[in-house]
Amino acid sequence: MTDDLTRLTVKEAHRLLRLGSVSAADMVTAHVERIERLDPHVKAYLRFTPELWEKQAAEADRLIHEGESRPLLGIPIAIKDVLCVRGVETTAGSQILKGFRPPYTATAVQRLFDAGALMLGVTNCDEFAMGSSTENSSYFPTRNPWDLERVPGGSSGGSAAAVAAGEAMIALGTDTGGSIRQPAALCGVVGMKPTYGRVSRYGLIAFASSLDQVGPFARSVDDAAVVLSLMSGFDPLDATSSERPGMEVLNNYGAGVKGMRLGVPREYYDVKGIEPGVKAAIDAALAVLRMQGAETVDVSLPHTDYGLAAYYIIAPAECSSNLARFDGVRYGLSEVDAPNITEQYLETRRKGFGGEVLRRVMLGTYALSSGYYDAYYLKAQKVRTLIKRDFDEAFKKCDAIVSATSPTVAFPLGAKTQDPLSMYLCDVLTLGGNLAGLPGISVPCGTSDGLPVGLQVLAPQWGENVALRVARAYEEASQVTAQVADVV
Ligand code: GLN
């Protein structure tokens, strides 16, 4: 019985909680039991927060008893280790932030707490969200619940794995180049990246500020939609936060795809390295959407090939600047025994940062240095504009763009750790959405070799409702829904 509670969607759980057939405390117990049994294998979590869930569950039960009906009352959630939660150790998967307890809570998280959610714990991720497999975590790699010898994707791999393994009903992740959509695809759950500016970045430990967005992992499109709507909306604490109302992401999203035009970019469809099994699953998904009355049209995103190169200049450039604040004085690790302040600074960073972070800081610093700025950074920004224009052109011919989320299914642990370039290629289908600031969702669309495949839907700026509408119509018609993995 208690295990059944860990398989529910938010919608189902909400109903049971409101009817009084289960309590928020029961929800916590069921999840904690499952975590105790499975997480030693999956390793989705870095730390647990009983001090929060005990209080939050008691409060939720009290409110339910009083007849309150907040949308997430009693719903257990997990939070990626890059989102600050007041008093809870938050480390961005890094040693440099070990012991850091933020004095404030990220707006996106606070809004879910206000809606009644219970926090189970902090999930593992690649250090400072740099990576595609969660193997860059400075703690340990997370494993894919569908095959423990494989990666869950990244950087939000812990959050994706937690939702896939029934160790949380909802989890938050962040997506700078694909880190919500790609792990969602590899773990067989729903993951959504909103339009840049839709969700506040206040309290998010920055990687690349012009690309980062916070978004949900869920086991149904409905759940992702509701959670996203709750997190969205203006926040005076984030200067890039939009004034558009959060609830608009739900506009008409249940209307189906009849009469919609879905663009299939040839550069994405035939992307280098796409596995035949992934392509077959996407073909089948397109057929389902056509059967529902959508029309598929050929479109082109001609600068796709340059996207990866531009991303790997812009993201490291921004990261080298954002990570300058980790100086061993203000937060976390501090090598105070150093002979002088410069040595303290250097020693702290040498010890605190892992290999991938150092690589990006060096790349970024180089690209921004005088004499190279124009050749690399400025050039990359120009390419970014061209990519944005590609999407603008494509959206003249279609309402949404559909493709695979990842060219491959989950790969074995260690398969790409020695070859950063092959790791970077994991995001070739997702990072265009970040460079252009667009909303995108990945929904499960069957399997290849027994491993989950994700269908990506990208929509025009502020068109979350359009992406959700396509994803939901597909989910409903295909009956392919996110399953909970039994792991062991
Ligand atoms: N894998 C990409 C990178 O390493 C994207 C990461 C992300 O979206 N946070 O930069």
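Please refer to the structure placed before this passage.
Rules of the game
Residues numbered from 1 in each chain as written. Predicted model: local features only at pLDDT ≥ 70, side-chain atom pairs only at ≥ 80, totals over all residues. Heavy atoms only, no water. Helix = DSSP H or I, 4+ residues; strand = E, 2+ residues; numbered from the N terminus. Near = heavy atom within 4 Å. Polar contact = N/O pair within 3.5 Å; in protein donor to acceptor, adjacent residues only side chain to side chain. Areas by Shrake-Rupley, 256 points an atom, 1.4 Å probe, with all protein chains shown as cover. Phe/Tyr/Trp six-rings, centres within 6.5 Å; stacked < 30°, edge-to-face > 60°. Buried < 20%, exposed > 50% of the residue type's maximum accessible area, 1.4 Å probe, protein only. Pairing = 2+ DSSP bridges. Axes fitted to C-alpha atoms, helices over the stretch in contact; angles between N-to-C directions. Contact = heavy atoms within 4.5 Å. Parallel < 35°, antiparallel > 145°, perpendicular 65-115°, else oblique. Left-handed = near helix turned anticlockwise from the far one by under 90°. Nonpolar A, V, L, I, M, F, W, Y, C, P; charged D, E, K, R; others polar.

> Quick question: what am I supposed to make of the environment of Gln 418 here?
In this structure, Gln 418 sits in the loop between β9 (400-404) and α15 (420-424). A C-alpha to C-alpha distance of 51 Å links Gln 418 and Ile 64, two positions 354 residues apart in sequence.

> For this particular structure, what's the right way to read the site of the ligand?
Close to the ligand lie 15 residues; Gly 177, Ser 179, Tyr 311, Arg 360 and Asp 427 are nearest. Take Ser 179: an N or O atom from its side chain is 2.6 Å from an oxygen atom of the ligand. Within the side chain of Tyr 312, a nitrogen or oxygen atom sits 3.4 Å from an oxygen atom of the ligand. Relative to its unbound accessible surface of 290 Å², the ligand loses 100% to contact with the protein.

> What is the right way to read the packing of aromatic side chains from this model?
What characterises a pair of aromatic rings is the spacing of the ring centres plus the angle enclosed by the ring planes. Applying the stated criterion to the full structure yields 14 aromatic pairs. Measuring from centroid to centroid gives 3.9 Å for Tyr 312 and Tyr 424, while their planes differ by 10°, and the two rings are stacked. Of this pair, Tyr 312 sits in helix α11 (residues 304-322) while Tyr 424 sits in helix α15, and the two are 112 residues apart along the sequence. There is no split in this pair, since Tyr 312 and Tyr 424 are both buried.

> Just checking my understanding: could you explain unusual backbone geometry for this structure?
As a rule of thumb, non-glycine residues mostly have phi less than zero, and peptide bonds are mostly trans rather than cis. Cis geometry is found at the peptide bond from Gly 154 to Ser 155, where omega equals 5°. With a phi angle near 60°, Gln 479 is a residue other than glycine that sits in the positive phi range. Mapped onto the secondary structure, Gln 479 falls in the segment after α17 (464-478). The class for Gln 479 is exposed, based on a relative accessible area of 63%. Positive phi, normally seen in glycine, also occurs at Val 487, with a value near 60°. Within the secondary structure, Val 487 sits in the segment after α17.

> Explain the sheet that holds strand β4 (residues 170-175) here, please?
Each strand in a sheet pairs with its neighbour through backbone hydrogen bonds, running either in the same direction (parallel) or in the opposite one (antiparallel). Taken together, the eleven strands give an open sheet; going across it, the order is β1-β3-β2-β4-β6-β5-β10-β11-β9-β7-β8, and neighbouring strands pair in mixed fashion. Only two strands of the sheet have a single partner each, and these edge strands are β1 (45-48) and β8 (295-299). This sheet shows a mean twist of 30° between the axes of neighbouring strands, independent of strand direction. As defined by bridge partners, strand β10 (residues 440-448) adjoins strand β11 (residues 451-458) across seven bridges and the pair is classed as antiparallel. Within β11, the position partnered with Ser 442 by the bridge is Gln 456. In this fold helix α14 (residues 374-397) packs onto β7 (261-265), β8, β9 and β11, with an angle of close to 110° to the strand it touches most, β9.

> What is the right way to look at the packing of α11 against α14 in this model?
In a pair of packed helices, the angle between the axes and the distance between the axes together describe the arrangement. α14 packs onto α11 with a crossing angle of 130° between their chain directions and a minimal axis gap of 9 Å. One way to sum up the angle between α11 and α14 is to call them oblique. Our pair here, α11 against α14, has a crossing hand that is left-handed. Across the interface between the two elements, Thr 304, Tyr 306, Gly 307, Ala 310, Ile 313, Ile 314, Ala 317 and Glu 318 from α11 touch Tyr 376, Tyr 377, Ala 380, Gln 381, Val 383, Arg 384, Ile 387 and Asp 390 from α14. Of the residues that constitute the contact of α11 with α14, the class distribution is ten nonpolar, three polar and three charged.

> When you look at the pairing of strand β6 (residues 213-218) in this model, what are you seeing that I'm missing?
Look at any regular strand and the pattern is simple: side chains alternate between the two faces of the sheet. In terms of residue burial, β6 counts as a mostly covered element, since six of its six residues are buried. The sheet contact formed by β4 and β6 spans five bridges and is antiparallel. Its bridge partner being in β6, Ala 171 is matched across the sheet by Phe 217. For strand β5 (residues 190-193) and β6, the ladder comprises two bridges, and the chain directions are antiparallel. Looking across to β6, one finds that Gly 191 is bridged to Phe 217.

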